[in-house]
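Commentary on secondary and tertiary structure
For reference, the chains in residue letters:
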Amino acid sequence: MHHQIVRRAGAERETLWVLLAAGAILASAALAVGLRAAPASDAPLAAHLIDSRTGLTAAEQGLYADLKAAGEEIAALREAEGRAPTPEELAAEALPPFAVDPSAAARGGHAWTFAGTLAETGDGVAYAGVSAAPDLAGSLVLRLDGHGAEIWLKRAAEAPPAPPEETALAAAGWKRIVSTFTAGVTR
């Protein structure tokens, strides 16, 4: 007679292999995360630059956004008319931040003037907004050089140097607003 031992049905071996595979996956993941290089720290901005996300007040951020949009509108008006519009013409068009309205008063009440042409580019123009409330929002300069808008800030009720060239602005303590983007930016 032949005897055979029949084991009961179970999943001990399969369970053991699944647990070993899961452990191997977790160990390799932990090793990969541990060996991953840390991201390089952000380089500090130059002394004459200020970050639009972290260095501006809420009022200044709103003015910065308005000036970026106004730069495009002014460029289109310059092409259509063949000359740069005056701040009064921009205010008559109700173009923020040149328009005189309650919103402008709540963001520093800037007095906008035509700051002249830029000698460094030949055909660039600049607009200066001197703040009536520098503790709320500093004075601003919008420079248009044909390649886009540059916006400069000084937290004082002070007009920019004439002509508002980049080196003169930096020497007078004005800071150019820049947008820096890092991996932590979520908006």
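The residue numbering used here restarts from 1 in each chain and proceeds along that chain's sequence as written. Local features in this predicted model are restricted to residues whose pLDDT is 70 or higher, and side-chain atom pairs enter the listing and the counts only when it is 80 or higher, whereas totals over whole chains, interfaces and linings include all residues. Working from all heavy atoms in the structure, the side-chain values ignore hydrogens and water.

Description of a nonpolar patch on the surface
- Patch construction takes residues with relative accessible area above 30% that form no salt bridge. Like charges are linked within 9 Å, and nonpolar side chains (Val, Leu, Ile, Met, Phe, Trp, Tyr) are linked within 5 Å. Only the protein chains shown count as cover for residues, and the accessible areas themselves come from Shrake-Rupley with a 1.4 Å probe. We define a salt bridge as a side-chain nitrogen of Lys or Arg found within 4 Å of a carboxyl oxygen belonging to Asp or Glu. A cluster of nonpolar side chains, Leu16, Trp17 and Leu20, forms an exposed patch at the surface whose accessible area comes to about 370 Å².
- Among the structural elements, Leu20 can be located in helix H1 (residues 12-35).
- By relative accessible area, Leu20 is classed as partly exposed at 47%. By definition, any uninterrupted DSSP run of H or I lasting at least four residues is a helix, any uninterrupted run of E lasting at least two residues is a strand, and each is numbered from the N terminus. Throughout, exposure labels follow a simple rule: accessible area from a 1.4 Å probe, protein chains only, divided by the maximum for the residue type, with under 20% read as buried, over 50% as exposed, and the rest as partly exposed.

Examining the environment of Glu88
- Here Glu88 shows up in helix H3 (residues 87-92).
- Through-space distance from the C-alpha of Glu88 to that of Gly10 is 87 Å; in sequence the pair is 78 residues apart.

Some details on H1
- For a helix, the expected span equals 1.5 Å multiplied by the residue count minus one. Helix length check: H1, at 24 residues, gives a terminal C-alpha distance of 35 Å against a target of 34 Å (1.5 Å per residue), a fit within 8%.
- Within H1, only zero of the 24 residues are buried, which leaves the element largely exposed.

Topic: helix H2 (residues 58-81)
- Taking 1.5 Å per residue as the helical rise, H2 with its 24 residues ought to reach 34 Å, and the 34 Å between its terminal C-alpha atoms agrees with that figure.
- Among all positions of H2, only Ala59, Glu60, Leu63, Tyr64, Asp66, Leu67, Ala70, Gly71, Ile74 and Leu77 are buried.
- Downstream of H2 by one or two residues, Gly82 has phi in the positive range, about 80 degrees.

Here's the deal with the confidence of the model for the protein chain
- Every residue gets a pLDDT, meaning the predictor's confidence in that residue, from 0 to 100. Residues with a pLDDT of 70 or more make up 92% of the protein chain, whose mean pLDDT is 86.
- Averaged pLDDT values over the elements of the protein chain bottom out at 83 in strand E2 (residues 111-118) and peak at 94 in strand E6 (residues 175-178).

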